[in-house]
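Structural description and commentary
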Number of protein chains: 2
Amino acid sequence: MVAIRRDYDEASYLHAFWKNYPPEKRGRAPVGDQFPWIEVGEHALGSKVIDFLEGYQPRDVGLPTGPDQRYVVSSNDILGITNGITASAWLFIDIKSVGPRDDFSHTVMSHNQISGDGIWNSPAEGISNSILTATGKRTSHPFHCSIPPLYVLSDGTVAPVIMMAIKPVYKMLSLQEGIGESGQPLSKVSLITIPNGIPLTVSPNYLKQHPSLLFPGKDDKGKDPLKVRARISFELLSKIADWRVRTTTLA
Amino acid sequence: MVAIRRDYDEASYLHAFWKNYPPEKRGRAPVGDQFPWIEVGEHALGSKVIDFLEGYQPRDVGLPTGPDQRYVVSSNDILGITNGITASAWLFIDIKSVGPRDDFSHTVMSHNQISGDGIWNSPAEGISNSILTATGKRTSHPFHCSIPPLYVLSDGTVAPVIMMAIKPVYKMLSLQEGIGESGQPLSKVSLITIPNGIPLTVSPNYLKQHPSLLFPGKDDKGKDPLKVRARISFELLSKIADWRVRTTTLA
DNA sequence: ATCGCCTAATAGGCGAT
DNA sequence: ATCGCCTAATAGGCGAT
């Protein structure tokens, strides 16, 4: 965590090196006091994921779609946890940065970032997933999650998908030279573990128990319904199991 | 290279797992026989970059803009190469995938992927770069490279920028079940080393020696001139030094 | 051969109601 | 409090000339 924070906060320190070419303000009505900080989180946190996978033989196997980070991991631990079914898993991890004005207890997931039930009627058809519903208080919409619950690799490795999100939240401070916090330093990080498609939608079917676990996302209404994102509720994830939402707030 | 190829080609093998949710055809007039393969290269090759940096203490320091992969590396080797000036460098690396119909001896670089001369008149102004020209045979355009030639980190580390591109080229074969190549397997990989902003534009000023080292990019004419990309010529890079373009063709 | 037309996918800030 | 309006940045396939 020390190294993460150091590398994250360095981006603000380096302001003089990018201030004349900053990422442009975007979205509906930017206030103008914020810098898009997506890459800072993806790099300072994202590239450290692999450090935690020592001993798990991480392999970044090719796939044309999916989240930021993905590693096939293998270990005897996994063989134990799965009661001998498989020694591997495919860790799917996305970094989801937000600032203080967008720090709600949810995050937005694309259809390529959630696994489903994985229906496979015939080899020729390939795998598809049942369509889910993002259930809101005022409205609802279909959610076409596109990731299978597990993959079988060419070498026979059976890799169930484990979907995680890492959510750094940054502060917005004034930029000042010299010592101490300034710019957009790291404030806290949440580690979110989202149920795999089978527990999510088949058994125990968490989505049935908690229909608004997925709720309407951030896309505009004109977006292709097949690609519409959904928000996932941290409160409901915690209710399913408290370890699914872990937050570290920095001193 | 064996591991890279294996992880790259696995994407085609896994076709049944993504065929119902493929990345959509895009661009001007897609023929329809190709799958966008960007992520395959970024993962199967990109995540292996760090494996080559063992012993160089790679640090993925935060920055709001820049290329795919970036690592501050440190080693006594570097201290030797730079005649004792610094023991560090900031490796900037982009993966630039193309298929057989777009396999030309150049690649397209954004303004956030080329370093410049780094003018710094006063601390308050920050660093900026002289505007370059992408010189074509029929036309030319300004290129506002945005990366400084070097960074000075908060701990005093002086890190000159080393800009590289890794260019995987895939084949387009029919998708067939079972053994052997199918889908979009890796065909060759080029490793491109682009001069840092100082040699590029100050001394020896390669761009002056070879004005069309940078030539017009792929953006439409309406694009903000500050953000317009440029192509970089592999022929001219080779002329500067043959080690700047290294290609491995797979058997 | 040159160069730029053209669009998918990602992302999250922040307003409208 | 809910939800969706809104836009930057990346990327490279492939046509037009």
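Preceding this section is the structure that the text describes.
Residues numbered from 1 in each chain as written. Chains lettered and ligands numbered in written order. Predicted model: local features only at pLDDT ≥ 70, side-chain atom pairs only at ≥ 80, totals over all residues. Heavy atoms only, no water.

Side note on empty space enclosed by the protein
- Summed over the entire model, instances satisfying the criterion amount to two cavities of 30 Å³ or more.
- Of the volumes computed, that of the largest cavity is approximately 40 Å³.
- Lining the largest cavity are Phe17(A), Trp18(A), Tyr21(A), Leu63(B), Pro64(B), Thr65(B), Ser146(B), Ile147(B) and Tyr151(B).
- In terms of residue class, the lining of the largest cavity is built from seven nonpolar, two polar and no charged.
- The computed volume of the second largest cavity comes to approximately 30 Å³. (1 Å grid on protein atoms, 1.4 Å probe; cavity = no way out; pocket = protein on both sides within 12 Å on 5 of 7 lines; lining within 4 Å. Points joined across faces, edges and corners; volume = space filled by probe spheres on them. Nonpolar A, V, L, I, M, F, W, Y, C, P; charged D, E, K, R; others polar.)

With respect to the environment of Leu173(B)
Residues and elements named next belong to chain B.
- One can find Leu173 in the loop between β7 (158-170) and β8 (186-194).
- The spacing of Leu173 and Pro185 is 12 residues in sequence and 8.0 Å in space, taken between C-alpha atoms.
- If we ignore the near neighbours within four places in the chain, the residues touching Leu173 are Glu181, Ser182, Gly183 and Pro185. (Helix = DSSP H or I, 4+ residues; strand = E, 2+ residues; numbered from the N terminus. Contact = heavy atoms within 4.5 Å.)

Quick look at the interface of chain B and chain A
- The partner chain A presents 53 residues to the 53 residues of chain B that form the contact.
- Summed over both partners, the interface of chain B with chain A comes to about 4,500 Å²; 54% of that surface belongs to carbon and sulfur atoms.
- The largest share of the area that chain B buries against chain A comes from Phe17(B), Tyr21(B) and Pro64(B), three residues that together contribute 19% of it.
- Our enumeration of links across chain B and chain A arrives at six salt bridges.
- Of the charged contacts, one joins Glu24(B) and Lys227(A) as a salt bridge, the two residues approaching to 2.6 Å between their closest N and O atoms.
- Of all the secondary structure elements, the ones that give two or more residues to the side of chain B that touches chain A are α1 (2-13), α2 (15-18), α3 (38-44), β1 (69-74) and β6 (150-152) of chain B. (Buried area = accessible area lost by both parts, 1.4 Å probe. Salt bridge = Lys/Arg side-chain N within 4 Å of Asp/Glu carboxyl O.)

Things to note about the sheet that holds strand β3 (residues 106-109) of chain A
Residue and element names in this part refer to chain A.
- Sheet architecture is open: three strands sit in the order β3-β10-β9, paired in antiparallel fashion. The sheet is open, and its two borders are formed by β3 and β9 (214-216), each paired with just one other strand. Along the sheet, successive strands turn relative to each other by an average axial angle of 40°, direction set aside.
- The pairing of β9 with strand β10 (residues 230-233) spans three bridges and is antiparallel. Counterpart to Leu214 in the pairing with β10 is Ile232. (Pairing = 2+ DSSP bridges. Axes fitted to C-alpha atoms, helices over the stretch in contact; angles between N-to-C directions.)

With respect to the protein's contact with DNA strand D
- Not every one of the 39 residues close to DNA strand D is listed here, only the nearest: Arg138(A), Lys218(A), Arg231(A), Arg28(B) and Arg229(B).
- In DNA strand D, the atoms that sit within 4 Å of the protein are 69% sugar and phosphate, with bases accounting for the remainder.
- Lys221(A) has a polar backbone atom sitting 2.6 Å from a phosphate oxygen of DNA strand D.
- Arg101(B) is positioned with one of its side-chain polar atoms (N or O) 2.6 Å from a phosphate oxygen of DNA strand D.
- The residue makeup of the surface near DNA strand D, split by class, is eight nonpolar, 10 polar and 21 charged. (Near = heavy atom within 4 Å. Polar contact = N/O pair within 3.5 Å; in protein donor to acceptor, adjacent residues only side chain to side chain.)

Comments concerning helix α1 (residues 2-13) of chain A
Residue and element names in this part refer to chain A.
- If you check α1, its first and last C-alpha atoms are 16 Å apart, about what 12 residues at 1.5 Å a residue would give, namely 16 Å.
- Of all the positions in α1, only Ile4, Asp7, Tyr8, Asp9, Glu10, Ala11 and Ser12 are classed as buried.
- Tucked into the core, α1 has its buried residues touching α2 (15-18), α3 (38-44), β7 (158-170) and β8 (186-194). (Expected span 1.5 Å × (residues − 1). Buried < 20%, exposed > 50% of the residue type's maximum accessible area, 1.4 Å probe, protein only.)

A few points about the side chain of Ser115(B)
Residues and elements named next belong to chain B.
- By the element assignment, Ser115 lies in the loop between β3 (106-109) and β4 (132-135).
- Judged by relative accessible area, which is 1%, Ser115 ranks as buried.
- Within the structure, the side chain of Ser115 is placed 2.6 Å from the backbone nitrogen of Gly197, a separation counted as a polar contact.
- Among residues more than four places away in sequence, those in contact with Ser115 are Cys145, Ile147, Pro148, Pro149, Val161, Met163, Asn196, Gly197 and Leu200.

Considerations on the sheet that holds strand β10 (residues 230-233) of chain B
Residues and elements named next belong to chain B.
- The sheet built from three strands is open, its strands ordered β3-β10-β9 with antiparallel pairing. Sheet topology places β3 and β9 (214-216) at the edges, where each strand pairs with a single neighbour. Taken over all neighbouring pairs, the strand axes of this sheet differ in orientation by 40° on average, direction set aside.
- Pairing of β3 with β10, which is carried by four bridges, proceeds in the antiparallel orientation. Looking across to β10, one finds that Met109 is bridged to Ala230.

Let's talk about the protein's contact with DNA strand C
- Surveying the vicinity of DNA strand C reveals 39 residues, the closest of which are Arg28(A), Gly99(A), Arg138(B), Lys218(B) and Arg231(B).
- The sugar-phosphate portion of DNA strand C accounts for 69% of its atoms within 4 Å of the protein, the bases making up the rest.
- Contacts to DNA strand C include Gly217(B), whose backbone N or O atom sits 3.0 Å from a base nitrogen.
- Separating a phosphate oxygen of DNA strand C from a backbone N or O atom of Lys221(B) is a distance of 2.7 Å.

Let's talk about the packing of aromatic side chains
- Throughout the structure, instances matching the rule amount to 14 aromatic pairs over all chains.
- Note on Phe17(A) and Trp120(B): the rings are 5.7 Å apart at their centroids and 65° apart in plane angle, and the pair reads as edge-to-face. Here Phe17(A) is found in helix α2, whereas its partner Trp120(B) is found in the loop between β3 and β4 on a different chain.
- For the pair Trp90(A) and Phe92(A), a centre-to-centre distance of 5.6 Å together with 85° between the ring planes defines the contact as edge-to-face. Residues Trp90(A) and Phe92(A) agree in their burial class; the two are buried. (Phe/Tyr/Trp six-rings, centres within 6.5 Å; stacked < 30°, edge-to-face > 60°.)

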